[in-house]
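This is what each chain is made of:
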Amino acid sequence: QVTAGPPPAALGFMAGVCESLQIEYDFIDINVEIAKELGLETWSKMYNHTELPWEQWPSDIQLQGNQLLLTLARKIKQYNPDLVAVSVLSFFQHTWTTRFLTVLKQVLPTVVTIAGGPGMSPVVHDEKTNFGRWLVNQDLLDYFVLGEGDVIFPEFLKGNRDMLGLNSKHTLDSWQPQIDSLDNFVFPVYKKIKKDDYVFHKKYFYV
């Protein structure tokens, strides 16, 4: 029993898309890895600092966080991936996302990266741009999604790079319009998720 929350919906969605396209995939939930490898006490300390820039974190949890992210990046490298896709739920994940992509760039400098989720659109502290644009401007990310990733992600995996909402360093920001009907999209797939890693209230597992 590791953490007090359900698995992110984005994991099931992206897994379902990959299954439907017969693309080999795996995933890492950094939130769970922190709790498993560093313990819930450290997880709580890190959570309490999530709104601060990494450089303002206490040196001990900076060191532990860096070591963990380096381990995860090296694990990803072993898969020899063509693409690393990142889901950013909210602005609370900005610090972790930035640090993860920084470490990933050091370990896999040429891998293609894409990120989406509600956390891509908020404006970065002290900047006049959204988080996705800021990341690509820092050369930490290749593509970012604004709007409905349910439309963009499967098309992206098919090779389409010209869509509303799919943004890069060489485009102006655009949004994928809201979806009115969900009936045509794939079902989420959770078969690779270890349910014992997720505990919610009285040991219920939510999918």
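For the structure, see preceding data.
The rules behind these values
Residues numbered from 1 in each chain as written. Predicted model: local features only at pLDDT ≥ 70, side-chain atom pairs only at ≥ 80, totals over all residues. Heavy atoms only, no water. Helix = DSSP H or I, 4+ residues; strand = E, 2+ residues; numbered from the N terminus. Buried < 20%, exposed > 50% of the residue type's maximum accessible area, 1.4 Å probe, protein only. Pairing = 2+ DSSP bridges. Right-handed = clockwise from strand over helix to strand, strands pointing away. Core = buried A, V, L, I, M, F, W, Y, C linked by side-chain atoms within 4.5 Å. Contact = heavy atoms within 4.5 Å. Salt bridge = Lys/Arg side-chain N within 4 Å of Asp/Glu carboxyl O. Axes fitted to C-alpha atoms, helices over the stretch in contact; angles between N-to-C directions.

> What is the right way to look at unusual backbone geometry in this model?
With glycine set apart, most residues show a phi of negative sign, and most peptide bonds adopt trans. Even without a glycine there, the phi angle at Gln22 is positive, about 55 degrees. Looking at the secondary structure, you find Gln22 in the loop between α1 (9-20) and α2 (30-38).

> Can you walk me through the pairing of strand β3 (residues 112-116) in this structure?
Across a regular strand the side chains alternate sides, sitting on one face of the sheet and then on the other. Counted residue by residue, β3 has four buried out of five residues, so it is predominantly covered. By the bridge criterion, five bridges tie strand β2 (residues 83-87) to β3 in an arrangement that is parallel. Looking at β3, one finds that Ser87 is bridged to Gly116. What joins β2 to β3 is helix α5 (residues 94-107), and the crossover it makes is right-handed. Pairing between β3 and strand β4 (residues 143-145): two bridges, direction parallel. When the sheet's bridge partners are listed, Ile114 is paired in β4 with Tyr143. Following the backbone out of β3, through helix α6 (residues 131-137) and into the adjacent parallel β4, one traces a crossover that is right-handed.

> Explain the nonpolar core here, please?
If you look at the biggest cluster of nonpolar residues, it comprises 32 residues, and the most contacted ones within it are Leu101, Leu104, Met120, Leu135 and Leu141. Setting aside residues no more than four positions away along its own chain, Met120 makes contact with Val88, Ala115, Asn130, Phe131, Gly132, Leu135, Leu141, Phe144, Val145 and Leu146. Counting six residues, the second-largest nonpolar core is a separate cluster that includes Val145, Ile152, Phe156 and Leu166.

> What's the story with the pattern of salt bridges in this structure? I'm lost.
Taken as a whole and assessed by the stated rule, the structure comprises five salt bridges. Here Arg133 makes a salt bridge to Asp173, at a shortest N to O gap of 2.5 Å. Here Arg133 is found in helix α6, whereas its partner Asp173 is found in the loop between β5 (166-168) and β6 (198-199), with 40 residues between them in sequence. Judged by relative accessible area, which is 37%, Asp173 ranks as partly exposed.

> Help me understand the sheet that holds β5, please; the structure alone is not making it clear to me.
Note: strands within a sheet are paired through backbone hydrogen bonds, in either parallel or antiparallel orientation. As summarised here, the arrangement of the four strands in space is β2-β3-β4-β5, forming an open sheet in which the pairing is mixed. With one partner strand each, in any of the chains shown, β2 and β5 form the two edges of the open sheet. In this sheet, neighbouring strand axes are inclined to one another by 25 degrees on average, regardless of whether the strands run parallel or antiparallel. Contacts from helix α7 (residues 149-157) reach β2, β3, β4 and β5, with the element oriented near 175 degrees to β2.

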